[in-house]
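Spelled out from the first residue to the last, the chains are:
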Amino acid sequence: MRHIACKGADRPINRVTYNHDGDLVFAVSTDKVATVWNSFDGKHLGFFAGHTGSITYCDVSIDSKLFLTCSFDGSAILWNVETGKQLLKFNSKDFFKFCAFNHDNTKFILVTKAKRGDTSLAEKTNYNNSLMASVYVFNVPDGIREHEGECIVREDCDHEFRVPECTALSLDMNEDRFAFGTTRGSVIFFDIEGTHRAECSPHHSAITSLVLEPNGNFFISASTEKKMKIFTSNNDHTVIKEWDAGIIVNGIGYFPELQVVACAGGEEASKVTQSSAEGAEQFATRLFHAPTGIMIGMVPGSFGNVIDFAVSPNGTSFLVGGHDGYLRIFHIDQQFVRAIQKGLEPFEPEFVTAAREAKENAANKEEAQ
């Protein structure tokens, strides 16, 4: 397995993602800067500088021309991917946690940090006395991709609605709606107009990660109780598989061809008091066979807890964004595929083998002297 380490920031990376074609990877960090690389070789392609606070989330349009970021500085920016130019900026007094385009990229949403306010929605969704977040909806302006003038600055949105305190976000392509993971372990579905469409409760504690598998058949979720669950994407939202991940999961991905769920997370390095080997396991990417829930291996590589994780659109690589400020790109090789297809035998990536052998050789030389 080929592993590329890209220095993304001096402080933790908050979000990593691929573009729709999978040839570009993006990361945003607490460092106030967003970065883009070539996914194949890790070549650094540029920065997006303009925020004055921690950038919390990002998304890329399907045509890879628009890049959306939001921040705790109270702003969200729509960028030109090719030039890095700011096209549209929204200023607010709110702290933003999430942002995302809708299914056809004609609109985008911004989700604020939760606060107390209007309780009408809380009463409708059995979230009495809950903190509520605002969701701001924007139309993507016509011709914005070709915009060459000054950055358009806005201080109002096109539409707004409220949701319970949000800890995870996923776009449900089947219904053109958004799935919001909450602090209570439920997932609430709203369409782009703010209509409450459905709700389910796969967990009993705060959801830490939520993704829709590429074919749209089911969601995969994780929570602070270290549980992972697979539930159907239809309106029944039936839990069809669950297992103990063994760690707090901050990011999930799915490889459809291999039927493998990958996840990563772990506690902060300062809280890991075990041996170095056990500590490394906390930060490794864990691989589970989706039909059985059996863990089939680990892929080490991070030197701190993982904050976000993503699988490429074609399922041939994955990203790990860490607390150490590095984005790591792992390209899957045939050894990886064969290990799974042979009956889930344990395996060791080539770069790990090389590092282990080098360490053993050095130790042998010291003993010889």
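Residues numbered from 1 in each chain as written. Predicted model: local features only at pLDDT ≥ 70, side-chain atom pairs only at ≥ 80, totals over all residues. Heavy atoms only, no water.

## Some words on the sheet that holds strand 17 (residues 187-191)
One open sheet holds the 4 strands; their spatial order is 15-16-17-18, and the pairing between them is antiparallel. Each edge of the open sheet is held by one strand with a lone partner, namely strand 15 (166-172) and strand 18 (196-200). Mean inter-strand twist for the sheet, computed between neighbouring axes without regard to direction, equals 20°. Judged from the 6 bridges that link them, strand 15 and strand 16 (residues 177-182) form a sheet pairing that is antiparallel. Within strand 16, the residue paired with Cys-166 across the bridge is Thr-182. (Pairing = 2+ DSSP bridges. Helix = DSSP H or I, 4+ residues; strand = E, 2+ residues; numbered from the N terminus. Axes fitted to C-alpha atoms, helices over the stretch in contact; angles between N-to-C directions.)

## Some thoughts on helix 3 (residues 334-341)
For helix 3, the set of buried residues is Phe-336, Val-337, Ala-339 and Ile-340. Looking down the long axis of helix 3, one finds its buried residues gathered within 160° of arc, a one-sided arrangement. More than 90 degrees from the buried face of helix 3, the exposed residues found are Gln-334 and Gln-341. (Buried < 20%, exposed > 50% of the residue type's maximum accessible area, 1.4 Å probe, protein only. Arc of directions from axis to C-beta.)

## Thoughts on the state of the cysteines
One pass over the structure, following the stated rule, counts 0 disulfides. Cysteine Cys-99 shares no disulfide, and the gap to the nearest cysteine sulfur, in Cys-70, comes to 3.8 Å. Cys-99 sits in the buried class, given a relative accessible area of 0%. (Disulfide = S-S within 2.5 Å.)

## Some thoughts on the environment of Leu-66
Its place among the elements puts Leu-66 in strand 7 (residues 66-71). It is 6.6 Å that separates the C-alpha atoms of Leu-66 and Leu-78, two residues lying 12 residues apart in sequence. Sequence-distant contacts of Leu-66, that is, excluding residues within four places in its chain, are made with Asp-59, Val-60, Ser-61, Leu-78, Trp-79, Val-81, Leu-87, Phe-101, Val-140, Ile-144 and Arg-145. (Contact = heavy atoms within 4.5 Å.)

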